[in-house]
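Given next are the chains, with one letter for each unit.
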Amino acid sequence: MRYRRPSLKTMLGITKVRRRVNRDLGIDAIRRPFRARQYAERRVKRRLGYYSEPMKFLRFLGRALKK
């Protein structure tokens, strides 16, 4: 079971090229301070086990039962 289905852009490699260009041009370094909050939230979730296999399964069940 995949956690998420890959997007068309990811499958075609467009995302990888766009990220490489942003990194090479230094755009990522400029945007980094503005993303600090999202990075901190993700770090907290990771420490609390939000991305662990049991939690992924529970979220999957929640989505499946919602439909």
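One structure accompanies this document, and this report is about it. (Residues numbered from 1 in each chain as written. Predicted model: local features only at pLDDT ≥ 70, side-chain atom pairs only at ≥ 80, totals over all residues. Heavy atoms only, no water.)

1. Some remarks on the packing of aromatic side chains
For any pair of aromatic rings, geometry is given as the distance between the ring centres together with the angle between the planes. Scanning the model with the defined rule gives 2 aromatic pairs in all. Relative to Y51, the ring of Y50 lies with its centre 5.3 Å away and its plane at 85 degrees, an arrangement referred to as edge-to-face. Using a relative accessible area of 30% as the deciding quantity, one classes Y50 as partly exposed. Between F57 and F60 the ring centres are 6.4 Å apart and the planes differ by 35 degrees, which places this aromatic pair in the tilted class. Taken together, the residues span about one helical turn, with F57 and F60 both in helix α5 (residues 53-66) at a distance of 3 residues. We classify F57 as partly exposed; its relative accessible area is 41%. Lying over the aromatic face of Y50, K45 brings its terminal NZ or CZ to 4.8 Å of the ring centre. Its end group placed over the ring of Y50, R59 keeps NZ or CZ at 3.9 Å from the ring centre. (Phe/Tyr/Trp six-rings, centres within 6.5 Å; stacked < 30°, edge-to-face > 60°. Buried < 20%, exposed > 50% of the residue type's maximum accessible area, 1.4 Å probe, protein only. Helix = DSSP H or I, 4+ residues; strand = E, 2+ residues; numbered from the N terminus. Lys NZ or Arg CZ within 6 Å of the ring centre and 35° of its normal.)

2. Let's talk about the layout of surface pockets
Rolling a probe over the atoms, with the probe sized like a water molecule, indicates the empty space that remains. Approximately 210 Å³ is the volume attributed to the largest pocket. In terms of lining residues, the largest pocket is bounded by R18, R19, N22, R23, D28, R32, R35 and Y39. No other element matches the 4 residues that helix α2 (residues 14-25) contributes to the lining of the largest pocket. Grouping the amino acids of the lining of the largest pocket by side-chain chemistry returns 1 nonpolar, 1 polar and 6 charged. (1 Å grid on protein atoms, 1.4 Å probe; cavity = no way out; pocket = protein on both sides within 12 Å on 5 of 7 lines; lining within 4 Å. Points joined across faces, edges and corners; volume = space filled by probe spheres on them. Nonpolar A, V, L, I, M, F, W, Y, C, P; charged D, E, K, R; others polar.)

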